[in-house]
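In case you want the letters, here they are:
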Amino acid sequence: MQLDTLSVIQDINALQARLNATKDEDEQRALEEDVTGKILWLFWCGICVEVDELLPKVLEHIRREGSIQGLGEICLVKPSVDPSDDQAHLRRIMYDAEANTSKYQLWHDARAREQAKWPSTDRGAPTVDNQVLPPALAENRKHSESHGTDAGANDEVAGVRWA
């Protein structure tokens, strides 16, 4: 497990800066998960390095002293088989960080796909105000708008009663 600690810390700082600058709650949640996942992954890697360095020393001490006193107690400690939802969530975001899966990037990509599917009205999409109306109805609308009345609202145009 090789980890470039400085690079991860820089990534965390960049994500934190983006988080501090955003107002969108969904975007904030995604960035919070990314920051938390990277911090957990960084700490987990640090713990693993410590264990890897310390374990041979412990084994050497046991061989030299010939005593395994206390190891039985360690073996009796069992990890939680059914982690709480919070633990499972934290594990998931830590593993996402390990796999370099960004919740923010997933959110951002999904948002871009959704915006492409439903373009906003300022991109030339027809709205009630800019649709082409039949000439007679358009004339009636202009007349009623200029006089501040609903005149012409119940008129019949091209055989269709508008009311």
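These numbers were taken from a predicted model, which means no experiment stands behind them.

Core analysis: the largest hydrophobic core is formed by 10 residues, namely V8, I12, L15, L19, A30, L31, V35, L42, Y104 and W107. Of all the elements in the fold, those that place two or more residues in this core are α1 (5–21), α2 (25–65) and α5 (103–117). Ignoring sequence-local partners within four residues, the contact set of A30 consists of K103, Y104 and W107.

This part covers a nonpolar patch on the surface. Residues W44, I47, V51, L54, L55, V58 and L59 make up a contiguous nonpolar surface patch of about 610 Å² in total accessible area. Its place among the elements puts I47 in helix α2.

Bringing the pattern of salt bridges into the picture now. Under the criterion given, the structure shown has 5 salt bridges. Between D11 and K38 there is a salt bridge, with its nearest N and O atoms 3.8 Å apart. Linking D11 in helix α1 with K38 in helix α2, this pair joins segments that are 27 residues apart in sequence. Relative accessible area serves as the criterion here: at 16%, K38 is assigned to the buried category. Linking R92 and D96 is a salt bridge whose minimum nitrogen-to-oxygen distance equals 2.9 Å. Of this pair, R92 and D96 both sit in helix α4 (residues 85–98), 4 residues apart, which is roughly one turn of that helix. Residues joined in a network through salt bridges with shared partners are E33, R92 and D96.

The residue N100 is not glycine, and still its phi comes out positive at about 60°. Among the secondary structure elements, N100 is positioned in the loop between α4 and α5.

Here the focus is the confidence of the model for the protein chain. Across the protein chain, the average pLDDT comes to 77, with 67% of residues at or above 70. Mean pLDDT values for the elements of the protein chain range from 47 in strand β1 (residues 156–157) up to 94 in α1. Contacts from residues 149–158, a stretch scored under 50 in pLDDT, to residues over four places away or in other chains number 20 contacts.

In this structure, the largest pocket spans a volume of roughly 200 Å³. Forming the boundary of the largest pocket are 14 residues, of which D34, K38, N100, T101 and S102 lie nearest the centre. For the lining of the largest pocket, the secondary structure elements donating two or more residues are α1, α2, α4 and α5. In terms of residue count, the dominant contributor to the lining of the largest pocket is α2 (4 residues). For the lining of the largest pocket, the residue count by class is 4 nonpolar, 4 polar and 6 charged.

Our next topic: the side chain of E27. For E27, the position within the fold is in helix α2. A polar contact of 2.8 Å, which involves the side chain of E27, links it to the side chain of T22. Here E27 is in contact with T22, Y104, W107 and R111, once residues within four sequence places are set aside.

Criteria and cut-off values
- Residues numbered from 1 in each chain as written.
- Predicted model: local features only at pLDDT ≥ 70, side-chain atom pairs only at ≥ 80, totals over all residues.
- Heavy atoms only, no water.
- Core = buried A, V, L, I, M, F, W, Y, C linked by side-chain atoms within 4.5 Å.
- Buried < 20%, exposed > 50% of the residue type's maximum accessible area, 1.4 Å probe, protein only.
- Helix = DSSP H or I, 4+ residues; strand = E, 2+ residues; numbered from the N terminus.
- Contact = heavy atoms within 4.5 Å.
- Patch = residues over 30% accessible without salt bridge, like charges linked within 9 Å, V, L, I, M, F, W, Y side chains within 5 Å.
- Areas by Shrake-Rupley, 256 points an atom, 1.4 Å probe, with all protein chains shown as cover.
- Salt bridge = Lys/Arg side-chain N within 4 Å of Asp/Glu carboxyl O.
- pLDDT = per-residue confidence, 0-100.
- 1 Å grid on protein atoms, 1.4 Å probe; cavity = no way out; pocket = protein on both sides within 12 Å on 5 of 7 lines; lining within 4 Å.
- Points joined across faces, edges and corners; volume = space filled by probe spheres on them.
- Nonpolar A, V, L, I, M, F, W, Y, C, P; charged D, E, K, R; others polar.
- Polar contact = N/O pair within 3.5 Å; in protein donor to acceptor, adjacent residues only side chain to side chain.

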